[in-house]
Amino acid sequence: MNFRDFLQEHIHNHEPVFFDGGMGTIIQSLQAKEKVQLVDFELKDELHYHAPDELSITAPELIKAVHSAYLKAGANIITTNTFGATPIKLEDSSYKTEEIIEAAVRNAKEAIAKSGNHAFVALDVSSSGKLLEPMGPLTFDQAYENYKTTMIAGEKAGADLVLVETMSDLYETKAAVLAARENTSLPVIVSATFQSNMRTLTGADALTAIVYMESMGVEAAGFNCGGSLADADVLTKTMASYASIPLLVQPNAGLPVVENGKTFFKVKPEEFAAAQAENFKTGALILGGCCGTTPSHIQAMVQAVNKIKADKIERNHKLQNHTIICSYNESADIGSPENGPLIIGERINPTGKKKFKQALLDKNMQYIIDEASSQINAGAHILDVNVGLPGIDEQQMMVDAVKLLQSSFRIPLQIDSSEPPVLEKALRYYNGKALINSVNGKKHTMEAVFPIVKKYGGTVVALALDENGIPPTAEERLAIADRIFETAKSYGIPPRDIVIDALTLTISSQQKEARETLRTIQLVKQKYGCKTVLGVSNISFGLPRREIINSHFFTQALAAGLDACIINPLSQDMMAAFRAFRAIAGFDANCLEYIENYANTVAPTAAAASDGKNAASAAPAQKAEASDLKTIIVNGFKDRSAAAAQELLKTNSALDIINNHIVPALDAVGKDFESGRKFLPQLLLSAETVAKAFEVIKAHLAASGEAQESKGKIVIATVQGDVHDIGKNIVKAMLENYGYNVIDLGKDVPVQAVVDAVKENDIKLVGLSALMTTTVASMEQTIKALRQYEKEAGKTVKIMVGGAVLTAEYAKKIDADYYSKDAMRSVEIAKEVFGA
């Protein structure tokens, strides 16, 4: 039986599937000559390795002993010792990715054969350790190629499935999944990791994460690692409510603590098992452990979960009745019973817009940014993106527009094109689950579009027309919807991912059809319970005072059950109709949104309404406020900061610009980051915006012979044995923006190298980073060496530490002066140490 059949059987019977637990923490315990229950192995010689993955070659008996222990404990799936076995992470290793994976899979298979159990081998794959664009230097295609090598090697070695785990960036997860699906036939399970704020590093909450991961077409999805068992309980409840594929839950045995100089995890097997039993009852089907869990934890979990009867398991999958799209860290639940209809901003579309057409021809991308910003500020929940124009490369322009918008805003996008190749290219690079506009009842269109929707995930707008055009009656449009749903089903696309557009025709020439549009909305909702969308403004084409017709028809459509409306959110009349409907329908609790927008305002006078301008109006798109450097930095308009800095230098000194414009802007961004209004992508975008301004300032100083003052020198490093430098690089960017001179020693830095750098540069502040539980011991050793240097040299060195596995308590116990939970905290620490 292959893994897919095994999983389907367990889904059908509501039977749990068990992964194994931690590997690195067991190796760490054995290195310390500590006994690990069920692991029949005694380490005689000291282990030497650049990366733990190398032990699959250099210490195979150790790895097989750990696998065997988990098999005894009852695991159905054994993960290979290949957590970091990708070309990027192994760039400094003497072993190739293919060599390590071949050995790792062989070790797992030999352990399974020896046990006599029926179990599967999961190729374990994780983050590259680098930030992807637009936050970092790694492109999506480079990430894809990195994982492609690993996936091909895994299938060739004989792995049964792929586990993409501990992923903090879902865009990188997408690259890994595509690499597996396009280059192997292996089933894929994906797992995100969350911070203490219950979001991923890039800001995705549990709902967004499960929606995004499920759209990748994987066999199962969930989370691993993270913080406490209480956190795992909250994540499980949210994900289980919305997941329609099996949910994976692999928490840590808590976070590491230090007692009597030893690092260990406090959560005992019994406590872990009880928590996982509850997670199983909540709806998680695939269960295992991460850092700190041992074969004893897995054994206790297997025993506890197997006692639970199938009828005790909750099965409340909200996603079946919800149509949710998302960006990388924000979801939009279309027409949800709780929040009602949503607005899709229509203005990023060149149809009828001379200025936009010219902007596309000139490749003036700032026009797109301005349109997006104004629509978001006006209340749009989703932005339509259409760049179809003769004379341009629509595919590349669409990709460029999508990447630009996603680098600047969190809002989900509707990818709008009549050309399937354009849709496919855009969806490949879209970071999230997009709304796709569109498909229709024409056979050739469905055959072209549905495979793209299935491959890349997404929710598709389906127009109620076919080869014969738009039918005049609601019943005929419903018949087209029937064919669309039936065809979508044959491609494996569920009804929740189809949004029917009943189509709006102008009443100036097809007056009766307007009523049929409203009836179509009602009929498709009655039959399928699906979501609906309309491009509302077509109703008034060719008529005067179009806003009157538009707003009244809009209200009737909303009352008929319209779930999403493609409108101009800058139109005061349309937004007034929308907000009034929400208040009347009970979606605006206590009418607070309505009051916020219209309290202390007056209706336009008749004179004002007839001042010679066609009201219709919608106010023209307002440009985002971007004339001053502070606003530019806060909004992350990186292409404007250099010019703004250049302009300021005409009347201000470099120091004044830094102190009065740049630092206050960064402080504002930092406050928003701390409060959860902004997330890492926005923080880094603002940092990049500042960097471009600094380039101009530095050039000005060089030309004038002045020198830029440094607020202080700081050494930062990822400790020995750890090849993850994402967090360190973020800290570096923020410290440099605040005027500190950062000496970056890189990753996997030996203890003595840190001490030498501190000594040579007379350093007052050191920042140390560690992501892996197996490398926090190196952090402690580095701190001890720095303390020894202090005594010998009579110097004072402050040490701040950070990383996913650290806590303030742990930092204190390993004698660090500060715990930096994020990049902005590192800035606060630097200010405290240097007094500036």
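Since the structure is predicted, the reported quantities are computational estimates derived from the model, not experimental observations.

What about helix α8 (residues 206–215)?
Line of reasoning, step 1. Across the 10 residues that make up α8, a large majority, 10, are buried.
Line of reasoning, step 2. Residues of α8 that are buried: Ala206, Leu207, Thr208, Ala209, Ile210, Val211, Tyr212, Met213, Glu214 and Ser215.

Some details on the packing of helix α5 (residues 97–115) against helix α6 (residues 140–157)
Line of reasoning, step 1. Contact geometry for α5 and α6: axes closest at 9 Å, N-to-C directions at 40 degrees. Looking at the two axes, α5 sits oblique to α6. For the pair α5 and α6, the crossing hand works out as right-handed. Of the residues in α6, those touching α5 at Thr97, Glu98, Ile101, Glu102, Val105 and Lys109 are Thr149, Thr150, Ala153, Gly154 and Ala157.
Line of reasoning, step 2. Across the contact of α5 with α6, the residue classes tally to four nonpolar, four polar and three charged.

Here we look at the state of the cysteines
Line of reasoning, step 1. Tallied over the entire structure, the rule returns zero disulfides.
Line of reasoning, step 2. Between Cys291, a free cysteine, and Cys225, which holds the nearest cysteine sulfur, the sulfur-to-sulfur gap is 3.9 Å.

Looking at the pattern of salt bridges
Line of reasoning, step 1. Evaluation of the coordinates by the stated rule reveals 37 salt bridges.
Line of reasoning, step 2. The salt bridge partner of Arg4 is Glu219, with a shortest N-O separation of 3.1 Å. Highlighted residues: Arg4 in helix α1 (residues 3–13) and Glu219 in the loop between α8 and β6 (220–225), separated in sequence by 215 residues.
Line of reasoning, step 3. In this structure, Glu593 and Arg579 form a salt bridge, with 4.0 Å as the shortest nitrogen-oxygen distance. Linking Glu593 in helix α21 (residues 592–598) with Arg579 in helix α20 (residues 572–585), this pair joins segments that are 14 residues apart in sequence.
Line of reasoning, step 4. Here Glu593 falls in the partly exposed class, since its relative accessible area comes to 25%.

Describing the environment of Tyr528
Line of reasoning, step 1. With respect to the helices and strands, the residue Tyr528 is situated in helix α18 (residues 511–528).
Line of reasoning, step 2. Distance in space between the C-alpha atoms of Tyr528 and Ala359 is 41 Å, their sequence separation being 169 residues.
Line of reasoning, step 3. Setting aside residues no more than four positions away along its own chain, Tyr528 makes contact with Leu478, Ala481, Asp482 and Phe485.
Line of reasoning, step 4. A polar contact of 2.4 Å, which involves the side chain of Tyr528, links it to the side chain of Asp482.

Side note on the pairing of strand β5 (residues 188–192)
Along a regular strand, successive side chains alternate from one face of the sheet to the other.
Line of reasoning, step 1. Among the five residues that make up β5, five are buried, leaving the element largely enclosed by the rest of the structure.
Line of reasoning, step 2. Side chains of β5 alternate between two faces, with Val188, Val190 and Ala192 and Ile189 and Ser191 buried alike.
Line of reasoning, step 3. Pairing geometry for strand β4 (residues 161–167) and β5, over four bridges, is parallel. Residue pairing in the sheet places Val162 in a bridge with Val188 of β5.
Line of reasoning, step 4. With four bridges joining them, β5 and β6 adopt parallel strand pairing. Bridge pairing in β6 places Ala192 opposite Phe223.

Structural notes on the sheet that holds strand β16 (residues 435–440)
Line of reasoning, step 1. Strand order in the closed barrel formed by eight strands is β13-β14-β15-β16-β17-β18-β19-β20, and the pairing between neighbours is parallel. The sheet shows a mean angle of 30 degrees between the axes of neighbouring strands, taken without regard to direction.
Line of reasoning, step 2. With three bridges joining them, strand β19 (residues 531–535) and strand β20 (residues 564–567) adopt parallel strand pairing. Pairing of Leu534 across the sheet is with Cys565, part of β20.

Describing the environment of Tyr147
Line of reasoning, step 1. Secondary-structure assignment places Tyr147 in helix α6.
Line of reasoning, step 2. Residue classification places Tyr147 among the buried residues on the basis of a relative accessible area of 0%.
Line of reasoning, step 3. Spatially, the C-alpha atom of Tyr147 lies 7.5 Å from that of Ala175, the residues being 28 residues apart in sequence.
Line of reasoning, step 4. Here Tyr147 is in contact with Thr86, Val125, Ser126, Ser127, Ser128, Met167, Glu172, Ala175, Ala176 and Ala179, once residues within four sequence places are set aside.
Line of reasoning, step 5. At 2.9 Å, the side chain of Tyr147 and the side chain of Glu172 are in polar contact.

What to know about a nonpolar patch on the surface
Line of reasoning, step 1. A cluster of nonpolar residues, Leu592, Tyr594 and Ile595, forms a patch on the protein surface that exposes about 290 Å² of accessible area.
Line of reasoning, step 2. When you line up the elements, Leu592 lands in helix α21.
Line of reasoning, step 3. Judged by its relative accessible area of 53%, Leu592 is exposed.

A closer look at the nonpolar core
Line of reasoning, step 1. Among the nonpolar cores identified, the biggest contains 242 residues, and Met151, Ile415, Ile498, Phe554 and Ile662 are the most heavily contacted of them.
Line of reasoning, step 2. Ranked by residues supplied to this core, first place goes to helix α26 (residues 680–704) with 10 residues.
Line of reasoning, step 3. Ignoring any residue separated from it by four or fewer positions in sequence, one finds Ile498 in contact with Phe450, Thr459, Val460, Ala462, Ile484, Phe485, Ala488, Ile493, Cys530 and Lys531.
Line of reasoning, step 4. Val715, Val754, Tyr789 and Ala811 belong to the second largest nonpolar core, which has 27 residues in total.

Quick look at unusual backbone geometry
Line of reasoning, step 1. For the bond from Glu133 to Pro134, the omega torsion is 0 degrees, close enough to zero to count as cis.
Line of reasoning, step 2. Within the secondary structure, Pro134 sits in the loop between β3 (120–125) and α6.
Line of reasoning, step 3. Following Asn437, the chain continues into Ser438 via a peptide bond in cis, with omega recorded as 20 degrees.
Line of reasoning, step 4. Topologically, Ser438 is positioned in strand β16.

So, the sheet that holds strand β22 (residues 741–744)
Line of reasoning, step 1. Across the sheet, five strands lie side by side as β22-β21-β23-β24-β25; this open sheet has parallel pairing. Single-partner strands in this sheet number two, and they are β22 and β25 (818–819).
Line of reasoning, step 2. Relative to β22, strand β21 (residues 713–718) is paired through four bridges, and the arrangement is parallel. Of the residues in β22, the one forming a bridge with Lys713 is Asn741.

A look at the side chain of Thr202
Line of reasoning, step 1. In this fold, Thr202 is placed in the loop between β5 and α8.
Line of reasoning, step 2. Side-chain polar atoms of Thr202 contact the backbone oxygen of Ser168, separated by 3.5 Å.
Line of reasoning, step 3. Not counting the four nearest positions on each side in its chain, Thr202 is found in contact with Met135, Ser168, Asp169, Leu170, Tyr328, Asn329, Phe679 and Pro681.

What to know about the environment of Ile369
Line of reasoning, step 1. With respect to the helices and strands, the residue Ile369 is situated in helix α13 (residues 365–378).
Line of reasoning, step 2. Take Ile369: its relative accessible area is 3%, and that puts it in the buried class.
Line of reasoning, step 3. Taking C-alpha positions, Ile369 is 48 Å from Gly158, a pair spaced 211 residues apart along the chain.
Line of reasoning, step 4. Among residues more than four places away in sequence, those in contact with Ile369 are Leu404, Ser408, Phe409 and Phe637.

The rules behind the values
- Counting restarts for each chain: residues are numbered from 1 in the order of the written sequence.
- Only residues with pLDDT of at least 70 get local features here, since the model is predicted, and only at 80 or more are side-chain atom pairs given and counted; chain-wide, interface and lining totals rely on the full set of residues.
- Here the side-chain values reflect all heavy atoms present in the structure, with hydrogen atoms and water set aside.
- Three labels apply to residues, based on accessible area from a 1.4 Å probe with only protein chains included: buried if under 20% of the type maximum, exposed if over 50%, partly exposed otherwise in between.
- Think of it this way: any DSSP run of H or I at least four residues long counts as a helix, any run of E at least two long counts as a strand, and we number them from the N terminus.
- Here the axes come from fitting lines to C-alpha atoms, over the contacting stretch only for helices, and the angles between their N-to-C directions go from 0 to 180 degrees.
- Each angle gets one of four labels, with under 35 degrees taken as roughly parallel, over 145 as roughly antiparallel, 65 to 115 as roughly perpendicular, and the rest as oblique.
- Helix crossings get a hand from a simple test, with the near helix turned counterclockwise from the far one by less than a right angle marking a left-handed crossing and a clockwise turn marking a right-handed one.
- Contact definition: two residues touch when any of their heavy atoms are within 4.5 Å.
- Gly counts as polar in this scheme, as do all residues outside two lists: the nonpolar Ala, Val, Leu, Ile, Met, Phe, Trp, Tyr, Cys and Pro, and the charged Asp, Glu, Lys and Arg.
- Two cysteine sulfur atoms make up a disulfide if the distance between them is within 2.5 Å.
- Whenever a carboxyl oxygen of Asp or Glu lies within 4 Å of a side-chain nitrogen of Lys or Arg, that contact is scored as a salt bridge.
- Between N or O atoms, a polar contact is any pair within 3.5 Å; within protein, one atom must be a potential hydrogen donor and the other a potential acceptor, and residues adjacent in sequence are included only when both atoms are from side chains.
- A pair of strands is treated as paired once DSSP finds two or more bridges between them.
- In this scheme, patches are assembled from residues that exceed 30% relative accessible area and form no salt bridge. Like charges are connected within 9 Å, while nonpolar side chains (Val, Leu, Ile, Met, Phe, Trp, Tyr) are connected within 5 Å.
- Here the accessible surface of atoms and residues is derived via Shrake-Rupley with a 1.4 Å probe, and residues count as covered only by protein chains that are part of the display.
- In this description, a nonpolar core means a group of buried Ala, Val, Leu, Ile, Met, Phe, Trp, Tyr and Cys residues linked to one another through side-chain atoms lying within 4.5 Å.

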